[in-house]
Amino acid sequence: SNDTGFSIRVNGFDDKVMLLAKEVLDVVMSFRGRDGHTCLPSTIKDSRFDACLEVLRRNYSNSGMDASNFVTSLRLLCLKPSTKSSFSKLKALEGMTSDKFVDCLNQVLQKISVEAYYHGNVCREDADGAAQMISEALTVHHRGLPKKKMPSKLIIKAKDAIDHHLITSPTVDPTDSNTSVEVYFQIGKDDLTNRVLVDLLEHVLDEPFYNELRTKEQFGYEVSVGARWTFGVLGMSFKVTTSCKTADEASARVDRFLGEFRTQLESMSDESFMEHLVSLAKEKLEMFDSMADECGSHWSEICEGRYEFEVHRKEVQCLKTVTKESLLVAYDKWLHP
(Lines give C-alpha, C1' and ligand atoms only; values in the text may rest on other atoms or scores of the structure.)
Protein backbone atom coordinates (compact mmCIF):
# COMPACT_ATOMS: atom_id res chain seq x y z
CA SER A 1 0.00 0.00 0.00
CA ASN A 2 1.04 3.62 -0.42
CA ASP A 3 -0.37 7.14 -0.07
CA THR A 4 -2.84 6.78 -2.93
CA GLY A 5 -3.95 3.14 -2.85
CA PHE A 6 -2.65 -0.40 -2.86
CA SER A 7 -1.26 -2.89 -5.33
CA ILE A 8 -1.89 -6.58 -5.90
CA ARG A 9 0.99 -8.43 -7.52
CA VAL A 10 0.84 -12.05 -8.64
CA ASN A 11 3.80 -13.69 -10.36
CA GLY A 12 5.24 -17.12 -11.04
CA PHE A 13 6.20 -19.64 -13.70
CA ASP A 14 2.91 -21.53 -13.77
CA ASP A 15 0.35 -21.11 -16.55
CA LYS A 16 -2.34 -20.87 -13.86
CA VAL A 17 -1.09 -17.51 -12.58
CA MET A 18 -4.19 -15.77 -13.93
CA LEU A 19 -6.44 -18.17 -12.03
CA LEU A 20 -4.57 -17.29 -8.85
CA ALA A 21 -4.88 -13.57 -9.65
CA LYS A 22 -8.64 -13.99 -10.10
CA GLU A 23 -8.95 -15.76 -6.75
CA VAL A 24 -7.03 -13.00 -4.97
CA LEU A 25 -9.05 -10.28 -6.69
CA ASP A 26 -12.33 -12.01 -5.86
CA VAL A 27 -11.37 -12.17 -2.19
CA VAL A 28 -10.53 -8.46 -2.13
CA MET A 29 -13.73 -7.51 -3.94
CA SER A 30 -15.84 -9.70 -1.66
CA PHE A 31 -15.67 -6.83 0.86
CA ARG A 32 -17.82 -4.68 -1.45
CA GLY A 33 -21.60 -4.54 -1.48
CA ARG A 34 -21.85 -5.61 2.15
CA ASP A 35 -24.11 -2.78 3.28
CA GLY A 36 -25.78 -3.93 6.47
CA HIS A 37 -23.45 -6.96 6.70
CA THR A 38 -20.55 -6.17 9.00
CA CYS A 39 -19.19 -9.68 9.34
CA LEU A 40 -16.08 -10.73 7.43
CA PRO A 41 -16.53 -12.54 4.10
CA SER A 42 -16.61 -16.29 4.41
CA THR A 43 -13.11 -16.53 2.92
CA ILE A 44 -11.59 -14.64 5.88
CA LYS A 45 -11.49 -16.22 9.34
CA ASP A 46 -11.92 -14.04 12.42
CA SER A 47 -8.69 -15.42 13.87
CA ARG A 48 -6.83 -14.39 10.72
CA PHE A 49 -8.09 -10.82 11.03
CA ASP A 50 -6.96 -10.62 14.67
CA ALA A 51 -3.51 -11.99 13.79
CA CYS A 52 -3.00 -9.52 10.92
CA LEU A 53 -4.18 -6.63 13.10
CA GLU A 54 -1.66 -7.53 15.79
CA VAL A 55 1.19 -7.77 13.25
CA LEU A 56 0.27 -4.37 11.83
CA ARG A 57 0.19 -2.78 15.28
CA ARG A 58 3.58 -4.26 16.08
CA ASN A 59 5.05 -2.96 12.80
CA TYR A 60 3.73 0.54 13.46
CA SER A 61 5.07 0.47 17.03
CA ASN A 62 8.55 -0.57 15.87
CA SER A 63 8.76 1.70 12.83
CA GLY A 64 10.78 4.41 14.56
CA MET A 65 13.28 2.12 16.23
CA ASP A 66 15.85 2.38 13.43
CA ALA A 67 17.36 5.88 13.39
CA SER A 68 18.26 5.81 9.68
CA ASN A 69 14.79 4.78 8.50
CA PHE A 70 13.17 7.14 10.99
CA VAL A 71 14.97 10.23 9.68
CA THR A 72 14.02 9.34 6.09
CA SER A 73 10.39 8.94 7.09
CA LEU A 74 10.51 12.39 8.70
CA ARG A 75 11.75 13.90 5.44
CA LEU A 76 8.87 12.35 3.53
CA LEU A 77 6.36 13.46 6.16
CA CYS A 78 7.57 17.03 5.72
CA LEU A 79 7.39 16.88 1.94
CA LYS A 80 4.22 14.87 1.35
CA PRO A 81 1.11 16.20 3.14
CA SER A 82 -0.82 13.07 2.16
CA THR A 83 1.59 10.84 4.11
CA LYS A 84 0.59 9.71 7.58
CA SER A 85 3.12 8.71 10.20
CA SER A 86 3.21 5.22 11.63
CA PHE A 87 2.30 6.67 15.02
CA SER A 88 -0.85 8.33 13.68
CA LYS A 89 -1.75 5.08 11.93
CA LEU A 90 -1.25 3.20 15.18
CA LYS A 91 -3.59 5.63 16.95
CA ALA A 92 -6.17 5.17 14.18
CA LEU A 93 -6.17 1.43 14.89
CA GLU A 94 -7.36 1.99 18.45
CA GLY A 95 -10.71 0.31 18.87
CA MET A 96 -10.48 -1.30 15.43
CA THR A 97 -12.81 -4.27 15.02
CA SER A 98 -13.61 -6.54 12.12
CA ASP A 99 -17.02 -4.82 11.81
CA LYS A 100 -15.44 -1.38 11.43
CA PHE A 101 -12.87 -2.76 9.00
CA VAL A 102 -15.51 -4.37 6.77
CA ASP A 103 -17.65 -1.20 6.75
CA CYS A 104 -14.67 1.01 5.85
CA LEU A 105 -13.36 -1.29 3.13
CA ASN A 106 -16.83 -1.63 1.63
CA GLN A 107 -17.03 2.14 1.17
CA VAL A 108 -13.48 2.44 -0.16
CA LEU A 109 -13.84 -0.29 -2.79
CA GLN A 110 -17.06 1.11 -4.24
CA LYS A 111 -15.18 4.03 -5.79
CA ILE A 112 -11.80 3.00 -7.12
CA SER A 113 -9.69 3.56 -10.20
CA VAL A 114 -7.66 0.62 -11.48
CA GLU A 115 -4.47 0.43 -13.53
CA ALA A 116 -3.12 -2.98 -14.50
CA TYR A 117 0.13 -4.22 -15.99
CA TYR A 118 0.59 -7.68 -17.49
CA HIS A 119 4.24 -8.53 -18.13
CA GLY A 120 6.00 -11.62 -19.39
CA ASN A 121 5.97 -14.07 -22.27
CA VAL A 122 2.36 -13.35 -23.15
CA CYS A 123 0.47 -12.31 -26.25
CA ARG A 124 -2.15 -9.62 -26.78
CA GLU A 125 -4.96 -12.15 -26.32
CA ASP A 126 -3.62 -13.03 -22.86
CA ALA A 127 -3.52 -9.36 -21.89
CA ASP A 128 -7.06 -8.78 -23.20
CA GLY A 129 -8.22 -11.77 -21.17
CA ALA A 130 -6.63 -10.33 -18.03
CA ALA A 131 -8.28 -6.97 -18.66
CA GLN A 132 -11.64 -8.69 -19.11
CA MET A 133 -11.20 -10.61 -15.86
CA ILE A 134 -10.44 -7.42 -13.93
CA SER A 135 -13.35 -5.59 -15.55
CA GLU A 136 -15.80 -8.34 -14.62
CA ALA A 137 -14.55 -8.35 -11.03
CA LEU A 138 -15.22 -4.62 -10.77
CA THR A 139 -18.61 -4.49 -12.49
CA VAL A 140 -20.88 -5.25 -9.55
CA HIS A 141 -21.36 -2.41 -7.03
CA HIS A 142 -18.67 -0.34 -8.77
CA ARG A 143 -19.34 3.35 -9.38
CA GLY A 144 -15.87 4.26 -10.63
CA LEU A 145 -13.61 7.12 -9.59
CA PRO A 146 -13.18 10.13 -11.94
CA LYS A 147 -9.57 11.08 -12.55
CA LYS A 148 -10.10 14.56 -11.10
CA LYS A 149 -11.16 12.98 -7.80
CA MET A 150 -8.19 10.66 -7.53
CA PRO A 151 -5.89 11.30 -4.53
CA SER A 152 -3.61 14.24 -5.19
CA LYS A 153 0.17 13.90 -5.17
CA LEU A 154 1.25 17.21 -3.71
CA ILE A 155 4.73 18.11 -2.50
CA ILE A 156 5.49 20.96 -0.10
CA LYS A 157 7.76 23.55 -1.68
CA ALA A 158 10.68 24.39 0.59
CA LYS A 159 11.25 28.12 0.92
CA ASP A 160 14.59 29.54 -0.14
CA ALA A 161 16.70 30.24 2.94
CA ILE A 162 20.33 30.86 3.83
CA ASP A 163 20.13 28.55 6.84
CA HIS A 164 18.67 25.05 6.94
CA HIS A 165 15.06 24.40 7.83
CA LEU A 166 15.97 22.33 10.86
CA ILE A 167 13.74 19.56 12.17
CA THR A 168 14.89 17.67 15.24
CA SER A 169 13.15 14.68 16.76
CA PRO A 170 14.17 12.41 19.63
CA THR A 171 14.53 8.71 18.95
CA VAL A 172 11.72 6.37 19.92
CA ASP A 173 14.11 4.32 22.04
CA PRO A 174 15.69 6.61 24.68
CA THR A 175 18.54 4.14 25.20
CA ASP A 176 19.56 4.21 21.53
CA SER A 177 22.96 5.87 21.09
CA ASN A 178 22.60 6.29 17.32
CA THR A 179 21.97 9.64 15.68
CA SER A 180 20.93 9.99 12.06
CA VAL A 181 21.00 13.21 10.04
CA GLU A 182 19.63 13.64 6.54
CA VAL A 183 20.34 16.91 4.75
CA TYR A 184 17.86 17.36 1.90
CA PHE A 185 18.15 19.83 -0.96
CA GLN A 186 14.95 20.40 -2.92
CA ILE A 187 15.78 21.27 -6.53
CA GLY A 188 12.48 21.75 -8.30
CA LYS A 189 10.04 20.20 -10.73
CA ASP A 190 11.28 17.28 -12.76
CA ASP A 191 12.66 17.82 -16.22
CA LEU A 192 15.02 15.66 -18.22
CA THR A 193 18.10 17.91 -18.11
CA ASN A 194 17.92 18.59 -14.37
CA ARG A 195 17.22 14.93 -13.64
CA VAL A 196 20.37 13.92 -15.52
CA LEU A 197 22.42 16.59 -13.74
CA VAL A 198 21.17 15.37 -10.35
CA ASP A 199 22.08 11.77 -11.23
CA LEU A 200 25.53 12.86 -12.39
CA LEU A 201 26.12 14.87 -9.22
CA GLU A 202 25.21 11.82 -7.17
CA HIS A 203 27.63 9.73 -9.21
CA VAL A 204 30.44 12.26 -8.77
CA LEU A 205 29.81 12.90 -5.05
CA ASP A 206 29.11 9.39 -3.81
CA GLU A 207 32.65 7.99 -3.52
CA PRO A 208 34.38 11.14 -2.17
CA PHE A 209 31.62 11.69 0.41
CA TYR A 210 31.85 8.10 1.65
CA ASN A 211 35.65 8.08 1.52
CA GLU A 212 36.01 11.28 3.54
CA LEU A 213 33.39 10.73 6.23
CA ARG A 214 33.25 6.95 6.54
CA THR A 215 36.63 5.55 5.51
CA LYS A 216 39.05 8.28 6.63
CA GLU A 217 37.28 9.97 9.52
CA GLN A 218 35.02 7.15 10.78
CA PHE A 219 32.46 9.92 11.24
CA GLY A 220 29.53 7.55 10.94
CA TYR A 221 28.85 3.93 10.12
CA GLU A 222 26.27 4.80 7.44
CA VAL A 223 27.20 7.52 4.98
CA SER A 224 25.42 8.01 1.67
CA VAL A 225 24.40 10.41 -1.09
CA GLY A 226 21.15 9.94 -2.99
CA ALA A 227 19.22 11.54 -5.83
CA ARG A 228 15.54 11.92 -4.90
CA TRP A 229 12.47 11.90 -7.13
CA THR A 230 9.37 12.56 -5.03
CA PHE A 231 6.06 12.84 -6.90
CA GLY A 232 7.75 14.70 -9.76
CA VAL A 233 10.02 16.89 -7.61
CA LEU A 234 13.80 16.50 -7.81
CA GLY A 235 16.12 16.63 -4.84
CA MET A 236 19.31 15.32 -3.28
CA SER A 237 19.96 14.04 0.21
CA PHE A 238 23.09 13.42 2.25
CA LYS A 239 22.71 11.00 5.16
CA VAL A 240 25.02 10.32 8.08
CA THR A 241 24.15 7.83 10.82
CA THR A 242 26.58 7.83 13.71
CA SER A 243 26.97 6.68 17.30
CA CYS A 244 29.87 8.98 18.17
CA LYS A 245 28.78 12.42 16.89
CA THR A 246 25.91 14.79 17.57
CA ALA A 247 23.32 15.85 15.00
CA ASP A 248 24.82 19.36 14.86
CA GLU A 249 28.28 17.95 14.21
CA ALA A 250 27.02 15.67 11.44
CA SER A 251 25.06 18.46 9.76
CA ALA A 252 28.04 20.82 9.96
CA ARG A 253 30.33 18.15 8.50
CA VAL A 254 28.04 17.71 5.49
CA ASP A 255 28.10 21.49 4.90
CA ARG A 256 31.87 21.58 5.20
CA PHE A 257 32.24 18.72 2.72
CA LEU A 258 30.04 20.47 0.17
CA GLY A 259 32.03 23.67 0.57
CA GLU A 260 35.38 21.93 0.15
CA PHE A 261 34.31 19.67 -2.71
CA ARG A 262 33.56 22.63 -4.95
CA THR A 263 37.30 23.10 -5.51
CA GLN A 264 37.72 19.41 -6.41
CA LEU A 265 34.87 19.59 -8.87
CA GLU A 266 36.26 22.70 -10.53
CA SER A 267 39.73 21.16 -10.89
CA MET A 268 38.44 17.79 -12.14
CA SER A 269 40.21 16.79 -15.35
CA ASP A 270 38.26 16.33 -18.56
CA GLU A 271 39.28 12.69 -18.54
CA SER A 272 37.83 12.08 -15.07
CA PHE A 273 34.64 13.93 -15.96
CA MET A 274 34.24 11.82 -19.09
CA GLU A 275 34.78 8.65 -17.04
CA HIS A 276 31.86 9.64 -14.79
CA LEU A 277 29.67 10.34 -17.81
CA VAL A 278 30.45 7.00 -19.46
CA SER A 279 30.06 5.05 -16.23
CA LEU A 280 26.65 6.60 -15.50
CA ALA A 281 25.51 5.98 -19.07
CA LYS A 282 26.52 2.31 -18.79
CA GLU A 283 24.59 1.98 -15.52
CA LYS A 284 21.47 3.41 -17.12
CA LEU A 285 21.73 1.08 -20.13
CA GLU A 286 22.36 -2.08 -18.11
CA MET A 287 19.99 -4.94 -18.82
CA PHE A 288 17.61 -5.95 -16.06
CA ASP A 289 18.82 -8.89 -13.99
CA SER A 290 15.43 -10.56 -14.11
CA MET A 291 11.92 -10.21 -15.45
CA ALA A 292 10.83 -9.28 -11.93
CA ASP A 293 13.24 -6.31 -11.92
CA GLU A 294 11.98 -5.14 -15.31
CA CYS A 295 8.38 -5.48 -14.20
CA GLY A 296 9.13 -3.55 -11.00
CA SER A 297 10.74 -0.73 -12.97
CA HIS A 298 7.76 -0.43 -15.32
CA TRP A 299 5.26 -0.65 -12.48
CA SER A 300 6.99 2.16 -10.58
CA GLU A 301 6.55 4.36 -13.67
CA ILE A 302 2.82 3.59 -13.58
CA CYS A 303 2.49 4.21 -9.83
CA GLU A 304 4.35 7.52 -10.09
CA GLY A 305 2.21 8.55 -13.05
CA ARG A 306 5.22 9.28 -15.26
CA TYR A 307 4.80 6.44 -17.80
CA GLU A 308 8.28 6.91 -19.29
CA PHE A 309 9.17 3.27 -19.87
CA GLU A 310 12.22 4.17 -21.99
CA VAL A 311 13.35 6.90 -19.63
CA HIS A 312 16.91 5.58 -19.22
CA ARG A 313 17.58 5.75 -22.95
CA LYS A 314 16.36 9.35 -23.06
CA GLU A 315 18.57 10.20 -20.11
CA VAL A 316 21.64 8.73 -21.80
CA GLN A 317 20.94 10.83 -24.87
CA CYS A 318 20.70 13.89 -22.64
CA LEU A 319 23.97 12.98 -20.90
CA LYS A 320 25.76 13.59 -24.19
CA THR A 321 24.95 17.30 -23.91
CA VAL A 322 26.22 17.74 -20.32
CA THR A 323 29.51 19.59 -19.83
CA LYS A 324 31.67 20.07 -16.76
CA GLU A 325 30.75 23.75 -16.80
CA SER A 326 27.02 23.00 -16.71
CA LEU A 327 27.59 20.54 -13.84
CA LEU A 328 29.52 23.17 -11.91
CA VAL A 329 26.72 25.71 -12.43
CA ALA A 330 24.20 23.18 -11.11
CA TYR A 331 26.40 22.44 -8.08
CA ASP A 332 26.71 26.14 -7.23
CA LYS A 333 22.98 26.68 -7.66
CA TRP A 334 21.72 23.66 -5.74
CA LEU A 335 24.34 22.44 -3.27
CA HIS A 336 27.20 24.84 -2.60
CA PRO A 337 26.78 26.43 0.87
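K.L.:
Honestly, the pairing of strand 3 (residues 233-242) in this entry has me stumped. Any pointers?
P.N.:
Looking down a regular strand, the side chains alternate between one sheet face and the other. Within strand 3, ten of the ten residues are buried, leaving the element largely enclosed by the surrounding structure. The alternating pattern of strand 3 places Val233, Gly235, Ser237, Lys239 and Thr241 on one face and Leu234, Met236, Phe238, Val240 and Thr242 on the opposite face, and all of these are buried. Inspection of the sheet shows strand 1 (residues 179-189) paired to strand 3 by ten bridges, in the antiparallel sense. Its bridge partner being in strand 3, lysine 189 is matched across the sheet by valine 233. Where strand 2 (residues 222-230) meets strand 3, nine bridges bridge the pair, whose relative direction is antiparallel. Its bridge partner being in strand 3, glycine 226 is matched across the sheet by serine 237. From the end of strand 2 to the start of strand 3, which pair antiparallel, there are two residues, and phenylalanine 231 there has a positive phi angle of about 50°.

K.L.:
When you look at the pattern of salt bridges in this model, what are you seeing that I'm missing?
P.N.:
Think of it this way: side chains of opposite charge can pair up when their charged atoms draw near. Inspection of every chain in the model, using the stated rule, returns 18 salt bridges. Among the salt bridges present, the one from glutamate 301 reaches arginine 306, with a minimum N-O distance of 2.7 Å. The network of salt bridges with common partners includes Asp190, Arg195, Asp199, Lys284, Glu301, Arg306, Glu308 and Glu315.

K.L.:
Hey, could you run me through the nonpolar core in this one?
P.N.:
The tendency in soluble globular proteins is for nonpolar side chains to be buried side by side. Within the largest apolar cluster, 41 residues are counted, with the highest numbers of intra-cluster contacts made by Leu205, Phe209, Met236, Phe238 and Leu335. Elements represented by at least two residues in this core include exactly strand 1, helix 7 (192-216), strand 2, strand 3, helix 8 (247-266), helix 9 (270-285), helix 11 (311-319) and helix 12 (324-334). Leucine 335 has contacts with Phe185, Leu201, Leu205, Met236, Phe238, Leu258 and Ala330, leaving out every residue within four places of it along the chain. Formed by 18 residues, the second largest nonpolar core is a distinct cluster that contains Val28, Leu105, Leu109 and Ile134.

K.L.:
Would you mind going over a negative patch on the surface with me for this structure?
P.N.:
Taken together, the side chains of Glu283, Glu286, Asp289 and Asp293 define an acidic patch exposed on the protein surface. Along the chain, the position of glutamate 283 falls in helix 9.

K.L.:
Where do I start with the environment of glutamine 110 in this structure?
P.N.:
Its place among the elements puts glutamine 110 in helix 5 (residues 98-110). Put simply, glutamine 110 and arginine 32 are 78 residues apart on the chain and 6.5 Å apart in space, counted from C-alpha to C-alpha.

K.L.:
What is the right way to look at a nonpolar patch on the surface in this model?
P.N.:
Nonpolar side chains collect at one region of the surface, where Phe6, Ile8, Leu20 and Val24 lie side by side and expose about 340 Å² of accessible area between them. Its place among the elements puts phenylalanine 6 in the segment before helix 1 (17-29). A relative accessible area of 47% means that phenylalanine 6 is categorised as partly exposed.

K.L.:
Please clarify how the sheet that holds strand 1 should be interpreted in this entry.
P.N.:
The pairing of strands in a sheet happens through backbone hydrogen bonds and is either parallel or antiparallel. Ordered in space as 1-3-2, the three strands form an open sheet in which the pairing is antiparallel. What marks the edges here is a single partner per strand, and that holds for strand 1 and strand 2. Between one strand axis and the next, the sheet turns by 15° as a mean value, whatever way the strands run. Helix 8 contacts strand 1 and strand 3 of the sheet and is inclined by roughly 45° relative to strand 1.

K.L.:
What's the story with the packing of helix 9 against helix 11 in this structure? I'm lost.
P.N.:
Running from N to C, helix 9 and helix 11 cross one another at 165°; their axes reach a closest spacing of 9 Å. As far as their axial angle goes, helix 11 and helix 9 are roughly antiparallel. Judged by the twist between their axes, the crossing of helix 9 over helix 11 is left-handed. Between helix 9 and helix 11, the residues in contact are Leu277, Leu280, Ala281, Lys284 and Leu285 and His312, Arg313, Glu315, Val316 and Leu319, respectively. Tallied by class, the residues present in the contact of helix 9 with helix 11 amount to six nonpolar, one polar and three charged.

K.L.:
I'm lost on the packing of helix 8 against helix 12 in this one. Help?
P.N.:
The axes of two packed helices give the description: the angle between them and the distance between them. Contact geometry for helix 8 and helix 12: axes closest at 11 Å, N-to-C directions at 170°. Relative to helix 12, helix 8 is oriented roughly antiparallel. On helix 12, the residues touching Leu258, Phe261, Arg262, Leu265 and Glu266 of helix 8 are Lys324, Leu327, Leu328, Tyr331 and Asp332.

K.L.:
Could you clarify how one ought to interpret the layout of surface pockets in this entry?
P.N.:
Any empty space left between the atoms is revealed when a probe the size of a water molecule rolls over them. One number sums up the size of the second largest pocket: a volume of about 1600 Å³. Among the elements of the structure, helix 3 (67-79), strand 1, helix 8 and helix 12 are those that each provide at least two residues to the lining of the second largest pocket. For the lining of the second largest pocket, the element with the highest residue contribution is strand 1, accounting for eleven residues. Split into classes, the residues belonging to the lining of the second largest pocket amount to 25 nonpolar, twelve polar and eleven charged.

K.L.:
Looking at this structure, I do not really get the packing of aromatic side chains. What am I missing?
P.N.:
To describe a pair of aromatic rings, one takes the distance between the centres and the angle between the planes. Taken as a whole and judged by the stated rule, the model has eight aromatic pairs. Both rings, one in phenylalanine 209 and one in phenylalanine 238, keep their centres 5.4 Å apart while their planes meet at 75°; by these two values the pair is edge-to-face. With a gap of 29 residues between them, phenylalanine 209 in helix 7 and phenylalanine 238 in strand 3 connect regions that are remote in the sequence. Here phenylalanine 209 and phenylalanine 238 have matching classes, each one buried. Judged by centre distance (5.0 Å) and plane angle (65°), the rings of phenylalanine 209 and phenylalanine 257 are edge-to-face. In this pair, phenylalanine 209 is assigned in helix 7 and phenylalanine 257 in helix 8, connecting sequence segments 48 residues apart.

Basis of the calculations
- Along every chain, residues carry numbers that run from 1 in the direction the sequence is written.
- It should be noted that, the model being predicted, local features are given only for residues of pLDDT at least 70 and side-chain atom pairs only at 80 or more, the latter also being counted only at that level, while totals for whole chains, interfaces and linings use all residues.
- To get the side-chain values, take all heavy atoms of the structure and skip hydrogens and water.
- The cut-offs for exposure are 20% and 50% of the maximum accessible area for each residue type, with area from a 1.4 Å probe on protein chains only; residues under the lower value are buried, those over the upper are exposed, and the others partly exposed.
- Numbering goes from the N terminus for both helices and strands, where a helix is a DSSP run of H or I of at least four residues and a strand is a run of E of at least two.
- Two strands pair under a simple rule: DSSP has to find at least two bridges between them.
- Here, a salt bridge means any Lys or Arg side-chain nitrogen found within 4 Å of an Asp or Glu carboxyl oxygen.
- Residues belong to one nonpolar core when they are buried, are Ala, Val, Leu, Ile, Met, Phe, Trp, Tyr or Cys, and are joined through side-chain atoms within 4.5 Å.
- Residue contacts are counted whenever heavy atoms from the two residues lie within 4.5 Å of one another.
- Like charges are joined within 9 Å and nonpolar side chains (Val, Leu, Ile, Met, Phe, Trp, Tyr) within 5 Å, but only among residues with over 30% relative accessible area and no salt bridge; these make up the patches.
- Working definition of accessibility: Shrake-Rupley area with a 1.4 Å probe, residue cover restricted to the visible protein chains.
- The convention is simple: Lys and Arg are positive, Asp and Glu are negative, and His and the chain ends are not counted.
- Charged groups are reduced to one reference atom each: NZ for lysine, CZ for arginine, CG for aspartic acid, CD for glutamic acid.
- An axis is simply a line fitted to the C-alpha atoms; with a helix, the fit covers only the stretch in contact. Between two such axes, the angle follows the N-to-C directions and lies from 0 to 180 degrees.
- Roughly parallel here means an angle under 35 degrees, roughly antiparallel means over 145, roughly perpendicular means 65 to 115, and every remaining angle is called oblique.
- Crossings are sorted by hand: turned counterclockwise from the far helix by less than a right angle, the near helix makes the crossing left-handed, and turned clockwise it makes it right-handed.
- Amino acids are sorted into nonpolar (Ala, Val, Leu, Ile, Met, Phe, Trp, Tyr, Cys and Pro), charged (Asp, Glu, Lys and Arg) and polar (every other residue, Gly among them).
- Using a 1 Å grid laid over the protein atoms alone, points where a 1.4 Å probe fits but cannot get out form a cavity; open sets with protein on both sides within 12 Å along at least 5 of 7 lines form a pocket; any residue with an atom within 4 Å of a point counts as lining.
- Grid points are joined across faces, edges and corners, and a volume is the space filled by probe spheres set on the points.
- Pairing of aromatic rings covers Phe, Tyr and Trp, the last counted by its six-membered ring, and requires centre-to-centre distances within 6.5 Å; plane angles under 30 degrees mean stacked, over 60 mean edge-to-face, and any other angle means tilted.

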